[in-house]
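Chain by chain, the residues:
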Amino acid sequence: MNKVKYLYLLVCLLFIVKGCVTPEPQLQNKSIQNEPELVWPPAPYEPKIRFVKSISSSFDLGIKKNWLRKIIDSISGEEETESLMLRPHGIYVHDDKIYVTDPGLFLVHIFDQKRKNYFQITGAKNQHLISPIGIVVDTDEKIYVSDSYMRKVFIYNAEGKYLREIGSNNLFKRPTGLGLYKNRLYVVDTLDSKIMVFSKDSGELLFSFGQNGTGIGEFHYPTHIFIDKNGYIYITDSLNFRVQIFDSDGNVISSFGKHGDAIGNFSKPKGIAVDSEGHIYVADSDFDVVQIFDIKGTLLLIFGGTGVKKGLFLIPAGIFIDKNDYIYVADSYNNRIQIFKYIKS
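All values reported here derive from a predicted model rather than from experimental measurement. (Residues numbered from 1 in each chain as written. Predicted model: local features only at pLDDT ≥ 70, side-chain atom pairs only at ≥ 80, totals over all residues. Heavy atoms only, no water.)

Undergrad: Lay out a nonpolar patch on the surface with the relevant residues and their values.
TA: Judged by side-chain polarity, Phe106, Ile130 and Tyr149 come together as a nonpolar surface patch covering roughly 320 Å² of accessible area. Along the chain, the position of isoleucine 130 falls in the loop between strand 8 (127-128) and strand 9 (132-137). (Patch = residues over 30% accessible without salt bridge, like charges linked within 9 Å, V, L, I, M, F, W, Y side chains within 5 Å. Areas by Shrake-Rupley, 256 points an atom, 1.4 Å probe, with all protein chains shown as cover. Salt bridge = Lys/Arg side-chain N within 4 Å of Asp/Glu carboxyl O. Helix = DSSP H or I, 4+ residues; strand = E, 2+ residues; numbered from the N terminus.)

Written out as structure tokens, the structure is:
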């Protein structure tokens, strides 16, 4: 009987508190509303890249705790900071969900924009993630995460439940970038300077390509990978300061780039992605810019620069471009993801 009275009083108290809560005011900052659109190149040239928004936490996507959750967390001493990013690195976007690896927090963030939900992946079985780097998601919404320190690729279902894993100390030296094409999973092994290709379903190693070196088709610390809809594979061959392009079987198609301190060259190339018209985007964490090239390696445009304001970067890492040409950049040391849009002619 005492329990019933206690629950009744608690419910009454919660409704009283709810009634006393003042609704959050709507921002009416005219200076923000009238702020000019941020585009590249600037006027009077025709804009090709437009800044859309910045994401530092789930709150930037309108994913907030309801009033009851806030009260419970306030009583328990919980802070509303669990969805903040520390060192975002890898990015993948699928079906209105944004997946971000965060080696600074040893976890993966999943922002579900459609359902206004946020959750994390922190481990597998009795193992905690240590250095999650690469991430891809297949059409069944299975999530693949590489952990460069644990030398494994972990596989989860859509809700983040551990399913299985690929790898060991004997198989990988430092798995980083991940790519999917049809039934194949491509894993960049940075320390071993090769790309390993597995059956997505069975985890069987099908073949590998590349070795350490400076020749065409060889690598020196490759890091990131992007596979377009035709199966062409784009890889940042980071310490050879170039981009290499392959077909889905690992045959070299072309390469471009060289080391230098001028725009158009590379200093520390990381993330790579391709838009719907075949333009190649490369994030350079030394220059704090994204450089855009055509398939021949001709520089078309750059955007970004060093800083903390919107549109600027501090050590950008991963980059992803979705089917609608929205560009997602992991702005690592600004603790955020920045979203841009490629504007077609």
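Undergrad: Outline the sheet that holds strand 21 (residues 269-274), listing residues and values.
TA: Picture the strands of a sheet paired through backbone hydrogen bonds; they go either parallel or antiparallel. The strand order across the open sheet formed by four strands is 21-22-23-24, and the pairing between neighbours is antiparallel. Across the chains shown, the open sheet's two edge strands, defined by having one partner strand only, are strand 21 and strand 24 (299-304). Within this sheet the neighbouring strands show an average axis-to-axis angle of 20°, counted without direction. Bridge analysis of strand 22 (residues 280-284) against strand 23 (residues 289-293) gives five bridges, and the strand direction is antiparallel. Note on strand 23: the bridge partner recorded for valine 282 is glutamine 291. (Pairing = 2+ DSSP bridges. Axes fitted to C-alpha atoms, helices over the stretch in contact; angles between N-to-C directions.)

Undergrad: Which residues make up the packing of aromatic side chains, and what values go with them?
TA: Any two aromatic rings considered together are summarised by their centre-to-centre distance and by the angle between their planes. If you walk through the whole model with that rule in mind, you get 16 aromatic pairs. On the basis of an interplanar angle of 50° and a centroid distance of 5.0 Å, the ring pair of phenylalanine 209 and phenylalanine 246 is categorised as tilted. A residue pair is termed long-range when its members are at least 10 positions apart, and phenylalanine 209 in strand 16 (residues 205-209) and phenylalanine 246 in strand 19 (residues 242-246) qualify at 37 residues. In textbook terms, an aromatic cluster arises when at least three aromatic residues are bridged by ring pairs, as seen for Trp40, Phe51, Phe303, Phe313 and Phe340. Just above the ring of tyrosine 333 sits the side chain of arginine 87; from NZ or CZ to the centre is 3.9 Å. Of note, lysine 341 hangs over the ring of tyrosine 326, and the distance from its end group to the ring centre comes to 5.2 Å. (Phe/Tyr/Trp six-rings, centres within 6.5 Å; stacked < 30°, edge-to-face > 60°. Lys NZ or Arg CZ within 6 Å of the ring centre and 35° of its normal.)

Undergrad: Residue-level account of the pattern of salt bridges, with values.
TA: Counted according to the given criterion, the structure contains 13 salt bridges. With a shortest N-O distance of 3.2 Å, aspartate 112 and arginine 115 are connected by a salt bridge. For aspartate 112, a relative accessible area of 3% translates into the label buried. The salt bridge involving lysine 200 is made with aspartate 201; its shortest N-O contact spans 3.4 Å. Residue classification places lysine 200 among the buried residues on the basis of a relative accessible area of 10%. Salt bridges here are not isolated pairs; linked through shared partners, they connect Asp138, Lys200 and Asp201. (Buried < 20%, exposed > 50% of the residue type's maximum accessible area, 1.4 Å probe, protein only.)

Undergrad: Tell me what's going on with the side chain of glutamine 291, and back it up with residues and numbers.
TA: For glutamine 291, the position within the fold is in strand 23. On the basis of relative accessibility, which here comes to 0%, the residue glutamine 291 falls in the buried class. Among the polar contacts made by the side chain of glutamine 291, one reaches the main-chain amide nitrogen of glycine 264 at a distance of 2.6 Å. Side-chain polar atoms of glutamine 291 contact the backbone oxygen of asparagine 265, separated by 3.0 Å. (Polar contact = N/O pair within 3.5 Å; in protein donor to acceptor, adjacent residues only side chain to side chain.)

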